Amino acid sequence: MKEIELKSTILLAQFHELDEQDKKLVEQAKEATHRAYAPYSNFHVGAALRLKNGNIITGNNQENAAYTNGICAERNAIFTASNLYPEQPVVSLAIAAFCDGEYTISPVSPCGACRQVLIETEARFGQPIRILLYGKSGIYIIPQGINALMPLQFNPNALKDFE
Ligand code: THU
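The structure presented is a predicted model; accordingly, all values stated were derived computationally and were not measured. (Residues numbered from 1 in each chain as written. Predicted model: local features only at pLDDT ≥ 70, side-chain atom pairs only at ≥ 80, totals over all residues. Heavy atoms only, no water.)

**Observations regarding the environment of Ala-13**
The test is simple: In this text, helices come from DSSP runs of H or I with a minimum length of four residues, and strands from runs of E with a minimum of two, each type numbered from the N-terminal end. Here, residues are in contact when the closest pair of their heavy atoms is within 4.5 Å.
In this fold, Ala-13 is placed in strand E1 (residues 11-13). As for Ala-13 and Ile-141, which are separated by 128 residues in sequence, their C-alpha atoms are 7.2 Å apart. Ignoring any residue separated from it by four or fewer positions in sequence, one finds Ala-13 in contact with Leu-18, Gly-138, Ile-139 and Ile-141.

See below:
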């Protein structure tokens, strides 16, 4: 038997350490939290995507009284981008959350379903998505993309990988 180590390295930054592009994306994700519709959880999430052509697309969580019909901010943003700019690769993604009158202290992390959709988007465009997770205490930067958050992922290649 052999041990296999799965390792990810991410960065922890303060807002002032970000470059202008990342700052803008984080600001847009924070702003998008205020357009969320989250009367059931009161957890308002915002996502902002930067596309290769420079456009920024935002999304936020949209809840429903039939709870499972709601959608997360990340998937809302990704599906909107795919609708508006189907040919444009997604270069980076910022996420923020606002709850009980303040942004979360800890960086907010995407749920499993959204991670799976991020995997699909990376595979579709053949490039990693730089991910920024905002929290008041600091920002996690994941330059290498979703692989760092979801090792041993099920991706579209798996459907071709049988003998
Ligand atoms: N939510 C997101 O929008 N993104 C995440 O990554 C985590 C969870 C939403 C779903 C639901 O509307 C609320 O946050 C509480 O789970």
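There is more to say, and it comes next.
**What about the site of the ligand?**
Here is the rule: Neighbouring residues are identified by heavy atoms, a residue being near a molecule or strand if any of them is within 4 Å of it. Counted as a polar contact is a pair of N or O atoms within 3.5 Å, where, for protein atoms, one must be capable of donating a hydrogen and the other of accepting one, and residues adjacent in sequence contribute only when both atoms are in side chains. Lys, Arg, Asp and Glu make up the charged group, whereas Ala, Val, Leu, Ile, Met, Phe, Trp, Tyr, Cys and Pro make up the nonpolar group; the residues left over, Gly among them, are polar.
Taken together, the neighbourhood of the ligand is formed by Ser-41, Phe-43, Val-45, Asn-61, Glu-63, Cys-72, Ala-73, Glu-74, Ser-109, Pro-110 and Cys-111. The contact in question runs from an oxygen atom of the ligand to an N or O atom on the backbone of Ala-73, over 2.9 Å. Cys-111 is positioned with one of its backbone polar atoms (N or O) 3.2 Å from an oxygen atom of the ligand. Mapped onto the shell around the ligand, the elements with two or more residues apiece are strand E2 (43-51) and helix H2 (73-84). Among the residues making up the shell around the ligand, the classes are represented as six nonpolar, three polar and two charged.

**A closer look at empty space enclosed by the protein**
Operational definition: Detection works on a 1 Å grid of protein atoms alone, calling trapped sets that fit a 1.4 Å probe cavities and calling open sets with protein on both sides within 12 Å along at least five of seven lines pockets, with lining residues defined by an atom within 4 Å of a point. Grid points are joined across faces, edges and corners, and a volume is the space filled by probe spheres set on the points.
Throughout the structure, instances matching the rule amount to one cavity of 30 Å³ or more. Counted as a void, the largest cavity has a volume near 50 Å³. Ile-78, Ala-81, Ser-82, Tyr-85, Gln-88, Val-90, Thr-121, Arg-124 and Phe-125 are the residues that line the largest cavity. When residues of the lining of the largest cavity are traced back to their parent elements, those giving at least two are H2 and helix H3 (112-125). Of the residues contributing to the lining of the largest cavity, the split by class is five nonpolar, three polar and one charged.

**So, the environment of Val-117**
By secondary structure assignment, the location of Val-117 is in helix H3. Taking C-alpha positions, Val-117 is 9.7 Å from Asn-155, a pair spaced 38 residues apart along the chain. Residues in contact with Val-117, not counting those within four places in the same chain, are Arg-75, Ile-78 and Phe-79.

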